[in-house]
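Letter by letter, the chains look like this.
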Amino acid sequence: MQRLLKELRGVPHGTPSLQEALSFREAGWRLVVVYCRISNDRHRRDGHGVEDQARHCARIAARNRMIVVHRYVDNDKSASKAGVERPDFDAMLDALTNGQTAAGYPIDGVVCVSDDRLYRDVHTYQRFLKCFTAHPARVYAEGLDSYDLYSEEAARRGLLGAAAARAESTKQQHRAKLNHRARAERGEPVASRRPFGWNADKVTLHPGESQVVRSGVQSLLQGKTLTAVTQDFVASGYTSTLGNPWQRQTVKQILRNARICGYRKLHGTLVLDADGMPVVGQWEPIVSPEEWQAVAESLESQRHPGGWRRNGAHRREDSVYLLTGLVRCGRPLVGGQPCGAPLHGRPTTASYEYRCRPALDGGCGRVSRQGPAVDDLITQYVLTALEREGALGTSPAIPWPETHKLETTNQRKALLQEQWYAGEINDREYFSLLAREETEIKRLVNEQQAWLVRHGSVERGRIDARAHWDGLRLREKRQILFRLLEAVVVLPGTKGSHRFEPTAVIPVWRTTVPEIQAA
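Now for a look at the structure at hand.

About the thresholds
Residues numbered from 1 in each chain as written. Predicted model: local features only at pLDDT ≥ 70, side-chain atom pairs only at ≥ 80, totals over all residues. Heavy atoms only, no water. Pairing = 2+ DSSP bridges. Helix = DSSP H or I, 4+ residues; strand = E, 2+ residues; numbered from the N terminus. Buried < 20%, exposed > 50% of the residue type's maximum accessible area, 1.4 Å probe, protein only. Arc of directions from axis to C-beta. Contact = heavy atoms within 4.5 Å. Salt bridge = Lys/Arg side-chain N within 4 Å of Asp/Glu carboxyl O. Axes fitted to C-alpha atoms, helices over the stretch in contact; angles between N-to-C directions. Phe/Tyr/Trp six-rings, centres within 6.5 Å; stacked < 30°, edge-to-face > 60°. Lys NZ or Arg CZ within 6 Å of the ring centre and 35° of its normal. Expected span 1.5 Å × (residues − 1).

One open sheet holds the five strands; their spatial order is S2-S1-S3-S4-S5, and the pairing between them is mixed. In the strand order of this sheet, the two ends are held by strand S2 (66-75) and strand S5 (146-147), each with one partner. Examined bridge by bridge, strand S1 (residues 30-38) and strand S3 (residues 109-111) share three bridges and lie parallel to one another. Directly across from valine 33, in S3, lies its bridge partner valine 110.

If you want it as structure tokens, here you go:
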């Protein structure tokens, strides 16, 4: 899937060179960018949805005498859920504001299959419209027609469409939740695919698979480790219902699932009937409720890597390392394909390291690197990229889009102080509201600093990215890294050598960054 997404993103194969594209432009063709997005690709995980959209967008472009010069793709990204980042959508907005793509093609318009791929709320629509209309005479085309977004009527249509999409999305989520709960309370099977241990009807037991689950429960109760139980799953000869090899996390999810004893959980809580007793499902159970409860409690007591630290004092986000989620194993496997598993950070006696996951967790367990050395190297690459962008003039100064929010928040704080001085609000209310406004001001100032690092330019006295970098919080540094980098591939080092080898750490950029490796 990652290979497909990499091929879909950026300049499409067969696109005319910049000089040729400018000649077509003079002949009346428009140079456009395409945006593709699918909300949920968790079932097939093959990128087929955005690939289909890219094909349809190509047909729309051809029908309207347009040439696609860049594709922006956000796979498995919701446009309606709060807190979901869409890196390629943000990159497209930056390109629209700049007036050209990273490869230098001018942008005459945007094509997508439908409006709701771009936005599903009024705020996002306004962001898109502001960036789209930053340059004149652009065209917007989707599956039904092309539109002039500069007119008042088009702006009204977009706002009404965004509001309607948000309302419909909310209704759909509410109906889905009600339907899901009703089916759970009736004890109906609701799994989207066949659960391991049951036949295709999701009700009757699969003789072989159910015995593997039953043996796993009994082994855990007898004191076996989860790793040993996972190895038993592997030795059984069965795979998961998706055909994947067994990993500890997958086995843990099966054994913790209340389904194996006939119960059902919804949002982490057992579904109860009117008398407060667990609802018994319509499917055959594999083990008794007592056995499941004992195993679930045992596994829950061991839980720490996925959520809380062992002492329970801090959340996981406090222990995330700089490159968590970006760094991947590049060790070749049988057949020549790279391992590709995420490397996870873990503390060592001296500091920390990035290490490939064990085989039972989906990796090879054979590659590790000194964490600080990898972080420092990639940081230098990124800072050099930011400086080169300014030096080459490829990233002109862009006003921070949230300036008005910061100004408004500062005004609210000043007004609050005046009300307190005048005795219009009491001390308790004042200090409560003051803390809220100061927290918001701090957040906005930090976001402004991160924006300046990304978008500072020579014309306004280029921002010193290196000086600002040290003042950024970990979350803000990671936002910049994820915007610039697709991944960081770590190759195996020289056998027998304990030296750090920079050439074995390869950044994979989202767009072309000239001469960064040479730096």
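Since the α-helix turns once every 3.6 residues, residues separated by three or four places project in the same direction. Those residues of helix H10 (residues 248-256) not exposed but buried are Val251, Lys252, Ile254 and Leu255. Projected onto a plane normal to the axis of H10, the buried residues spread over an arc of 160 degrees and lie on a single side. Of the surrounding elements, those touching the buried residues of H10 are helix H8 (207-221), helix H9 (226-235) and helix H11 (289-301).

We now examine the pattern of salt bridges. Inspection of the entire model under this criterion finds 16 salt bridges. Glutamate 486 is the salt-bridge partner of arginine 9, the closest N and O atoms lying 3.4 Å from each other. Of this pair, arginine 9 sits in the loop between helix H1 (2-8) and helix H2 (18-26) while glutamate 486 is found in strand S12 (residues 485-490), placing the two residues 477 residues apart along the sequence. For glutamate 486, a relative accessible area of 27% corresponds to the partly exposed category.

In terms of burial, strand S10 (residues 352-356) is a largely internal element, four of the five residues being buried. Pairing geometry for strand S9 (residues 343-347) and S10, over five bridges, is antiparallel. The partner of glycine 345 across the bridge, within S10, is tyrosine 354. In textbook terms, the turn of a hairpin is the stretch between consecutive antiparallel strands, and for S9 and S10 this stretch comprises four residues.

Strand pairing in a sheet takes place through backbone hydrogen bonds and is either antiparallel or parallel in direction. Taken in spatial order, the three strands of this open sheet run S9-S10-S11, and their pairing is antiparallel. The sheet terminates laterally at S9 and strand S11 (368-370), the two strands that pair on one side only. When strand polarity is set aside, the average angle formed by the axes of neighbouring strands in this sheet is 25 degrees. By the bridge criterion, three bridges tie S10 to S11 in an arrangement that is antiparallel.

Following the criterion strictly, the structure yields 15 aromatic pairs and no others. With 4.8 Å between their ring centres and 80 degrees between their planes, phenylalanine 196 and tryptophan 246 make a pair best called edge-to-face. Here the residue phenylalanine 196 occupies a position in the loop between helix H7 (152-185) and H8, and tryptophan 246 occupies one in the loop between H9 and H10, the gap between them amounting to 50 residues. Taken together, the aromatic side chains of Tyr119, Tyr125, Phe128, Phe132, Tyr140, Tyr147 and Tyr150 make up a single cluster linked through ring pairs. Stacked on the ring of phenylalanine 89, the Lys or Arg arginine 86 has its end atom at 4.1 Å from the ring centre. Lying across the ring of tryptophan 198, arginine 259 places its NZ or CZ 4.4 Å from the centre.

Bringing H8 into the picture now. In a regular helix each residue adds 1.5 Å, so 15 residues correspond to 21 Å; H8 covers 21 Å between its end C-alpha atoms and thus fits that length. Those residues of H8 not exposed but buried are Gly208, Glu209, Ser210, Val212, Val213, Gly216, Val217, Ser219 and Leu220. Lining the buried residues of H8 we find H9, H10 and H11. Immediately downstream of H8, the backbone of glycine 223 shows phi near 105 degrees, a positive value.

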